[in-house]
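Listed below, chain by chain, are the residues.
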Amino acid sequence: MKIKKRTETISSLINDLEQDVLLTITFGNAQIGGNIITWDGDETIIKKGKVTNLNLGKGSVIKGKTLKIESNILDVNTQTNGVVVTYYFNNATESAKTFDDKVDNHGDIFSLTLYVNF
Amino acid sequence: MKKCIQIYVTILVFGSNQFYAQTAEMDELNVPSSPAFVILDESPANIEKPTNPKALAVSLISVGQGGGAIEFSPYWLYNHPNYTIDDEINNHIPFWQTFAISLASIKENDATTVSTGFRVQLFRKYTDEADILATRDQIVGALSISPPNTDNIAALHSQLDEQRGKIKWNIEIAGAYSAIGTEVKNLTSNRLGAWMNIRHTPKGFPIDFVLLGRYSKTFGDSNNLIEDSSFIDFGASISKRTDNFDLQLEYVYRRDTNLDLNFDRLVFVSNYKITDNVVAVASFGKNFDKVQDIFTAFGIKVGLSKQTMKLDNAD
């Protein structure tokens, strides 16, 4: 079992500083994924595992901060080695961002570290 | 994408002359995984499995020009960001996800035989979806640790594959067609086949049930020197499989629609795994033939592959 790593950075403006920013992560291609979410520079884990409507905080509070999301995807689909993950942000200009890639062999892991600059 | 390749040598200890013919047909209650190759009566040495449109185009050109074989699933040529593992487990009509096409061409002397086939699951329900979802949750948990523990995840993945291999209900169909000719404009029909398979593995009951309907037709030549022949088969089997042994009772009713004749066959087969690469085989029963139709056989299958053997693929 190999782990293929990749790092990406995106920037997203907050639409309404008075409203909360929510995050949902989905893994497509019938693959299984897990997440570890922290604020960059702080080792405290905000959330692990499945992420649905995770409240990252009020827009004015998180503005200027960088969110670090580590998503690990296991290829469990015998039909494809393709992996695809989508990050949905509520109350942000980058409302959905999708990344896709391919692992070499069935059963390998794809590890994406995404930095989101608010 | 994984594909186990297993090669066996069968050593006949005692049996009738019909042993080889019988064992070759023992798996006929299954829908073939690559119908286009079955209808050719050939096992292509190299099967291209393109996973994106560009690779598919290259493979199609290759097969068209020099012969070869392709197998692909149109649905999986593209990513599906919204099709999650939960959708997959709860999808009881996975038509597009399981629809697979096989294509092959073989050049012999001046003639080329081309074949095309498809296979699709019309209905699928896993034996225990709750267990699968529980394992999925464990995998999600294991993937949410940095860095992931690969040994633990590999073990959970094996567990998941085993659970997804247990299917309570499965209905599959397949079809294939082949034609032969020296060039495209003079291709003539060669063979035609259609299969339908219904499998049932009751939860908590150690026996599998299989029903199969099959139609096969071989076209005669244009000079009427060889007549068309066609068969309709209906079959049923019950089997019990464990880690070390495999017992199967199979009945096939065959109707020769050209000669207007009916035949049937009843076979009992047992496989016992002696070691990881050696399987003892015993079979007896009644063949399709109208005379001398009783046969028995005992043998040993020796696996030449280094890969782990699975009894359910031993035939």
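Presented here is a report on the structure given in the accompanying data block. For clarity, every value in this text was computed on a predicted model and none was experimentally measured.

## Remarks on the sheet that holds strand E8 (residues 96-102) of chain A
Residues and elements named next belong to chain A. The strand order across the open sheet formed by four strands is E5-E2-E7-E8, and the pairing between neighbours is antiparallel. Whereas interior strands pair on both sides, the edge strands pair on one side only; in this sheet they are strand E5 (54-58) and E8. If you compare each strand with its neighbour and ignore which way they point, the axes differ by 20° on average. Examined bridge by bridge, strand E2 (residues 20-27) and E5 share four bridges and lie antiparallel to one another. Of the residues in E5, the one forming a bridge with aspartate 20 is lysine 58.

## With respect to helix H7 (residues 150-164) of chain B
Turn by turn, an α-helix covers 3.6 residues, leaving residues three or four places apart pointing in a common direction. All names here are of chain B. When the terminal C-alpha atoms of H7 are compared, their 21 Å separation across 15 residues agrees well with the 21 Å that a helix rising 1.5 Å per residue should span. All buried positions along H7 are accounted for by Ile153, Leu156, His157, Leu160, Gln163 and Arg164. End-on view of H7: buried residues confined to an arc of 120°, all on one side of the axis. Opposite the buried face of H7, at more than 90 degrees from it, the exposed residues are Asp151 and Glu162. Capping the start of H7, asparagine 149 holds a side-chain oxygen 3.2 Å from the backbone nitrogen of aspartate 151, two or three residues further along.

## Re a nonpolar patch on the surface
Together, Phe205, Phe209, Ile238, Leu249, Tyr251 and Leu266 of chain B line one region of the surface with nonpolar side chains, adding up to about 490 Å² of accessible area. Here isoleucine 238 of chain B shows up in strand E9 (residues 229-241).

## Here we look at the pattern of salt bridges
Going through the model one piece at a time under the given rule, you end up with 19 salt bridges over all chains. For aspartate 101 of chain A, the salt bridge is made with lysine 4 of chain A, and the minimal N-O distance between the two is 2.6 Å. A residue pair is termed long-range when its members are at least 10 positions apart, and aspartate 101 of chain A in strand E8 and lysine 4 of chain A in strand E1 (residues 3-11) qualify at 97 residues. Assessed through its relative accessible area of 17%, aspartate 101 of chain A is described here as buried. Residue glutamate 71 of chain B pairs with lysine 49 of chain B through a salt bridge whose shortest N-O separation is 3.5 Å. With glutamate 71 of chain B in strand E3 (residues 68-72) and lysine 49 of chain B in the loop between strand E2 (47-48) and helix H3 (53-66), the pair connects residues that are 22 residues apart, well separated along the chain. Owing to a relative accessible area of 12%, glutamate 71 of chain B belongs among the buried residues under this scheme. For lysine 49 of chain B, a relative accessible area of 26% corresponds to the partly exposed category.

Criteria and cut-off values
Residue indices follow the written sequence of each chain, beginning from 1 at its first position. Labels are handed out in written order, letters beginning with A for the chains and numbers beginning with 1 for the ligands. Per-residue local features are limited, in this predicted model, to residues with pLDDT of at least 70; the limit for side-chain atom pairs, both in listing and counting, is 80 or more; totals at the level of whole chains, interfaces and linings are taken over all residues. Where side-chain values are given, they derive from all heavy atoms of the structure, hydrogens and water being excluded. Paired strands are those between which DSSP finds at least two bridges. Under the scheme used here, helices are H or I runs from DSSP no shorter than 4 residues and strands are E runs no shorter than 2 residues, and both carry numbers assigned from the N terminus. For helices, the fitted line uses only the C-alpha atoms of the stretch in contact; every axis is such a line through C-alpha atoms, and the angle between N-to-C directions lies from 0 to 180 degrees. A helix is expected to span 1.5 Å for every residue after the first. Burial status follows relative accessibility: with a 1.4 Å probe on protein chains alone, a residue under 20% of its type maximum counts as buried, one over 50% as exposed, and anything between as partly exposed. Taken from the helix axis, the directions to the C-beta atoms give the arc we talk about. What qualifies as a polar contact is a pair of N or O atoms within 3.5 Å, subject to a donor-acceptor requirement within protein and to the restriction that residues adjacent in sequence count only when both atoms come from side chains. Patch definition: residues above 30% relative accessible area lacking any salt bridge, with like charges linked at up to 9 Å and the nonpolar side chains Val, Leu, Ile, Met, Phe, Trp and Tyr linked at up to 5 Å. The Shrake-Rupley method, run with a 1.4 Å probe, gives the accessible areas here. Residue values count only the displayed protein chains as cover. A side-chain nitrogen of Lys or Arg and a carboxyl oxygen of Asp or Glu constitute a salt bridge if their distance falls within 4 Å.

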